[in-house]
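Okay, here's what each chain looks like letter by letter:
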Amino acid sequence: MKDASPQTIHLADYTPFGFTVESVHLTFRLAPSATRVLSKIRFAPNPEASDRTFFLHGEDLKLISARIDGAEVTPEITDKGLTCAVPEGTFTWEAEVEIDPASNTALEGLYMSPLDVGGGEDAGRESRQDKSAMYCTQCEAEGFRKITYYPDRPDVMSVFTVRIEGDLLVLLSNGNKAGQGAGWAEWHDPWPKPAYLFALVAGDLVNHPGSFTTRSGREVELNIWVRKGDLGKCAFAMDALKKSMTWDEEVYGREYDLEIFNIVAVDDFNMGAMENKGLNIFNSSAVLASPETATDANFERIEAIIAHEYFHNWTGNRITCRDWFQLCLKEGLTVFRDAQFTADMRSGPVKRIDDANDLRARQFPEDNGPLSHPVRPESFQEINNFYTATVYEKGAEVIGMLKRLVGDDAYYKAVDLYFERHDGEACTIEDWLKVFEDTTGRDLTQFKRWYAQSGTPRLTVDETWEPGDAASRPPRRDLVADGEVPDQVRDGGVFTLTFRQETKPTPGQDEKLPQVIPIAVGLLGPNGDEVRPTEVLEMTQAEQSFRFEGLATRPVPSILRDFSAPVILDRALSSAESAFLLAHDTDPFNRWEAGRNLARATLLDMVTEGARPDAAWLEGITAVLRDRALDPVLRAQMLALPPQSEIAQVLQDRGITPDPDAIYAAHETLKQRLAAHLRDLLPALYAENQVDAPYSPDFAQAGKRDLAVAVLGLISRIDGGAQAAAQYAGADNMTLQLSALSSLLIAGKGAEQLQAFHDQWQHDRLVMDKWFGLQVAHAKPEQAADVARRLTGHPAFSMTNPNRFRAVMGALGMNHAGFHHASGKGYALLADKLIALDARNPQTTARMCALFQTWRRYDAGRQAHARAALERIAATDGLSRDTTEMVTRMLAG
């Protein structure tokens, strides 16, 4: 039989907990298979609540004893928690439970992670029983209920004091250290927090130390705790942490509020990192880096994740969410803040392009498929399934639109009011929007629809031009200064943009209302000069026109500059118009977008009409590459083609069933044609973007390597991998080594280098994740599933390590033509592995199920294979509620 029948939880049913928690004292007596947790919790009636039912969440717990005010009680226990009769006023609840961290492969609650990972699954499992493992927690969203009985909900906040007893070198928890001795340590967190922010780590770890002086002069102790072999990979993360602390003080005025800030790297972790108050726990891949083992992209990711988790100290911890429906309140805001940070540390235009690419690749398909949900969902069965691109990335885009609409000054004033008004509270989206209304005087009722409506709005636009003398028309007053009417305004032409917005029905939402959409627009003259700088048009209606007066000639509009809203702009542009924007647009994002539009149109024509590559795109890209004034990384971004999945989505939007094989063939043909077209330019580009200085992951060096890597991929299509082989042989950093190996695999070469890479890095689990993923990512479509299946039999493959599982199966899902192969073997293999994983780790299983979300866009044969795979998963005996919800939604969508 299946896991307990999923229960749907609705936002509208929210009621506060019947009690407040005045204090929490926890004692942990650590033992791998029999940890004892003693809790002493002071409860008081909640004056805001009408229901006084005393219910404490608890799962997979063995209750040893329970007392209220010192007297033993016998509560009623179910698989979800316990209830008990309690006194009328304030009282103290005490309980002792036993849990089994060593057997906890779900990686929620308290579990153990091996410290001596060198082999595969069996080695890791055995090491959970001795000192070669570390104790670790993950409590968001509902993991604390697997540690002890407690009201495990985000609106219940309290001060925690924690004592840890065990014979390990390092014993860590939240807050400031209150005392320690032989075999014990005590921690006290003075800031009230919900249980999902609780953390505990214990193990024989070593620290990379640091310190930070806040702007008020307080000294903060910093530590990054790792296993002994990783101590040399912490310096960059420590530097990123200090930069984050400085940036948050300078930009948001937020200062750190404890005496110590600890980060711990752990191999077995379902997510990237967790912002537990004062004790951040990180997936090792999001904190450990050295030039030899990490790529430029890894370094940038680590910098961003360090910042994200640190920024949560205020946007998530000091102010948290009232219930899990408000998850976007902390995550969307913090993603927006970490994007600002990355833009400031590196490049604003490059970051904006990266964010748009990520949104289109991950969130747009989610928003327009069976897993579609609003930024703030109205209901869920399993909250773990809503840690999504919609909540995070689209949630951040909503914050960005709000900032663009109200302006920078008003934005920061409103955020200051948010911190002042709600510090120490559990809040809602309404609380967030209210500070903006109070600060600006704006009515944000319509804007709030971005939180309530799912789906991606689609914008269409028409242009009209009225040339000649316009003296008889009254000019727009906002174009006129001091009541004067300039001749160029009175006599010029009028250019009008008429926009229409539409959002298609999504599951549970058949009718859509118009959104508030900020559309950033600039106008270019026929010679490429900018005749009107960027202006933000505020669209509020289903159809709306905007006039630009006083123009000498018909302009070329640059629309949706800086990707000012998370929408699809459906604009019919000729190749000549796109080429003009590619050559002249002064907005970096839209210049890149023009090149992307040309490449997309070319691929679509090749797939649907058998057309040859568009000469306008080839010449436009050539001109971009010759533009030495343009950042190397922007030129590299221009070279990248729209992903195959994006082409499939556009075809579906046009009513055409996409053929993954045809899309793959067009992609390969276009890359080959581009390489041939640039044959004479590529060697010089490659040479001038080599870095002779000692390695640094900074933006300047990384940008040059980025362009050189993109160029190498094209050169390898001409020289059969000779240059890539030379680069591999001389590589002194992972960016050069891995990119060379990638180019060799694409060229059908590299068997010798692949084995050498394995032999060199077989004892470094993070580098080996790259080795696993690379082979699947670059496999030919007909071989991808076979390569993935073979790798799952490798001695170093582990089902219990999320990083290793994602390295193989995630890469298969991203190999578009391989995963969607007509034989269905990609679907079948993923189903096999998800069924095997679900009983061990439901959270990772459910998230990986999302790889199936676009299955209905393909032909009947592929649909039949995908449906069979999904139905086989759904029929699995004992299937978790996490995976049940995901599969049910995809089958019903």
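The following refers to the structure shown. (Residues numbered from 1 in each chain as written. Predicted model: local features only at pLDDT ≥ 70, side-chain atom pairs only at ≥ 80, totals over all residues. Heavy atoms only, no water.)

Within the protein chain, the regular secondary structure consists of 29 helices and 31 strands. Here the C-alpha radius of gyration of the protein chain, 28 Å, is about what a compact globule of 893 residues would show, namely 29 Å. For the protein chain, the C-alpha atoms occupy an extent of roughly 90 × 70 × 60 Å along the three principal directions. In the protein chain, which comprises 893 residues, the proportion classed as buried is 59%. (Helix = DSSP H or I, 4+ residues; strand = E, 2+ residues; numbered from the N terminus. Rg over C-alpha atoms; globule rule 2.2 N^0.38 Å. Buried < 20%, exposed > 50% of the residue type's maximum accessible area, 1.4 Å probe, protein only.)

With that settled, consider the pattern of salt bridges. Evaluation of the coordinates by the stated rule reveals 64 salt bridges. Of the charged contacts in the structure, one is a salt bridge between Arg705 and Asp296, with a shortest N-O distance of 2.8 Å. Residue Arg705 is found in helix H18 (residues 699-719), and its partner Asp296 is found in helix H3 (residues 296-311); the two are separated by 409 residues along the sequence. Taken individually, Arg705 and Asp296 each receive the classification buried, so the pair is uniform in this respect. Its salt-bridge partner being Glu593, residue Arg360 comes within 2.5 Å of it at the nearest N-O pair. With a gap of 233 residues between them, Arg360 in helix H5 (residues 348-367) and Glu593 in helix H12 (residues 588-609) connect regions that are remote in the sequence. Taking the relative accessible area as the measure of exposure, Glu593 reaches 13% and is therefore buried. Here the residues in one salt-bridge network are Arg227, Asp230, Lys233, Asp267, Asp764 and Arg765, joined through shared partners. (Salt bridge = Lys/Arg side-chain N within 4 Å of Asp/Glu carboxyl O.)

Attention now moves to the sheet that holds strand E30 (residues 556-559). With respect to topology, 3 strands assemble into an open sheet ordered E28-E27-E30, the strand pairing being antiparallel. Single-partner strands in this sheet number two, and they are strand E28 (530-539) and E30. Going across the sheet, the axis of each strand differs from the next one's by a mean of 25°, ignoring polarity. By the bridge criterion, 4 bridges tie strand E27 (residues 517-524) to E30 in an arrangement that is antiparallel. Residue pairing in the sheet places Leu523 in a bridge with Pro557 of E30. (Pairing = 2+ DSSP bridges. Axes fitted to C-alpha atoms, helices over the stretch in contact; angles between N-to-C directions.)

Turning our eyes to something else, we now look at the sheet that holds strand E18 (residues 219-226). One key point about sheets: their strands pair by backbone hydrogen bonds, in either a parallel or an antiparallel sense. Taken in spatial order, the 5 strands line up as E17-E18-E19-E21-E20 in an open sheet, and their pairing is mixed. The sheet is open, and its two edges are formed by strand E17 (206-213) and strand E20 (273-274), each paired on a single side. Bridge count between E20 and strand E21 (residues 279-283): 2 bridges; the pairing is antiparallel. Note that in E21 the partner of Ala273 across the bridge is Phe282.

Another aspect to go through is the environment of Gln760. Tracing the backbone through its elements, the reader meets Gln760 in helix H21 (residues 751-761). Note on Gln760: relative accessible area 46%, which makes it partly exposed. At a separation of 2.9 Å, a polar atom in the side chain of Gln760 contacts the side chain of Gln737. Reaching out from Gln760, the side chain makes a polar contact with the side chain of Trp761 at a distance of 3.4 Å. (Polar contact = N/O pair within 3.5 Å; in protein donor to acceptor, adjacent residues only side chain to side chain.)

Within the element layout of this structure, Lys394 appears in helix H6 (residues 389-406). Given the relative accessible area of 2%, Lys394 is considered buried. Looking at Lys394, its side chain comes within polar contact range of the side chain of Asp367, at 2.8 Å. Aside from chain neighbours lying at most four places away, what touches Lys394 is Leu359, Gln363, Asp367, Val375, Ala389, Trp450, Gln453 and Gly455. (Contact = heavy atoms within 4.5 Å.)

So, about the packing of aromatic side chains. All chains considered together, the criterion is met by 46 aromatic pairs. The interplanar angle of 35° and the centroid separation of 5.0 Å between the aromatic rings of Trp247 and Phe311 together place this pair among those described as tilted. Linking Trp247 in helix H2 (residues 235-252) with Phe311 in helix H3, this pair joins segments that are 64 residues apart in sequence. In this structure, Trp247 and Phe311 share a single accessibility class: buried. (Phe/Tyr/Trp six-rings, centres within 6.5 Å; stacked < 30°, edge-to-face > 60°.)

With that settled, consider helix H16 (residues 660-677). Taking 1.5 Å per residue, 18 residues should reach 26 Å; H16 reaches 26 Å between its end C-alpha atoms and fits that length. Inspection of H16 places Pro660, Ile663, Ala666, His667, Leu670, Leu674 and Ala675 among the buried residues, and these make up the whole buried set. Looking down the long axis of H16, one finds its buried residues gathered within 165° of arc, a one-sided arrangement. Residue Asp659 occupies the N-cap position of H16, its side-chain oxygen lying 3.0 Å from the main-chain nitrogen of Asp661. (Expected span 1.5 Å × (residues − 1). Arc of directions from axis to C-beta.)

Moving on, we get to helix H24 (residues 802-814). Each full turn of the α-helix corresponds to 3.6 residues, which orients residues three or four apart in the same direction. Where H24 bends most, the angle comes to about 25°, and this point is Val808. Within H24, 11 of the 13 residues are buried, leaving the element largely enclosed by the surrounding structure. Burial in H24 covers these residues: Pro802, Asn803, Arg804, Phe805, Ala807, Val808, Met809, Gly810, Ala811, Leu812 and Gly813. Buried residues along H24 sit against E21, helix H22 (765-777), helix H23 (784-792), helix H25 (816-819), helix H26 (825-838) and helix H27 (842-849). (Bend = angle between axes of the 7 residues up to and from the residue.)

Before going further, it helps to spend a moment on the nonpolar core. Soluble, globular proteins show a tendency: their nonpolar side chains are buried together. Counting 268 residues, the largest nonpolar core has Trp93 and Trp432 as its most contacted members. It is H6 that contributes the most residues to this core, 9 residues altogether. (Core = buried A, V, L, I, M, F, W, Y, C linked by side-chain atoms within 4.5 Å.)

This part is about the packing of helix H13 (residues 615-626) against helix H14 (residues 632-639). When two helices pack together, their arrangement is given by the angle between the helix axes and the distance between those axes. Two elements in contact, H13 and H14, have axes separated by 9 Å at closest approach and are oriented at 165°. Put simply, H13 runs roughly antiparallel to H14. Here the hand of the crossing between H13 and H14 comes out left-handed. Residues Ile621, Val624 and Leu625 of H13 pack against Arg635, Met638 and Leu639 of H14. In terms of residue class, the contact of H13 with H14 is made up of 5 nonpolar, no polar and 1 charged. (Parallel < 35°, antiparallel > 145°, perpendicular 65-115°, else oblique. Left-handed = near helix turned anticlockwise from the far one by under 90°. Nonpolar A, V, L, I, M, F, W, Y, C, P; charged D, E, K, R; others polar.)

With that settled, the discussion passes to the pairing of strand E26 (residues 493-502). E26 sits mainly inside the fold: 8 of its 10 residues count as buried. Two elements, strand E25 (residues 458-466) and E26, share 9 bridges in a ladder whose sense is antiparallel. Across the sheet, Thr460 pairs through a bridge with Arg500, a residue of E26. Across 7 bridges, the pairing between E26 and strand E29 (residues 543-551) is antiparallel.

With respect to the helices and strands, the residue Asn313 is situated in the loop between H3 and strand E22 (320-321). Those residues in contact with Asn313 that lie beyond four places of it in its chain are Tyr256, Asp257, Lys277 and Arg318.

Before going further, it helps to spend a moment on the state of the cysteines. This structure, assessed with the given rule, holds 0 disulfides. Looking at Cys427, it has no disulfide partner, and the nearest cysteine sulfur is the one in Cys321, 9.5 Å off. Judged by relative accessible area, Cys427 falls into the buried class, the value being 0%. (Disulfide = S-S within 2.5 Å.)

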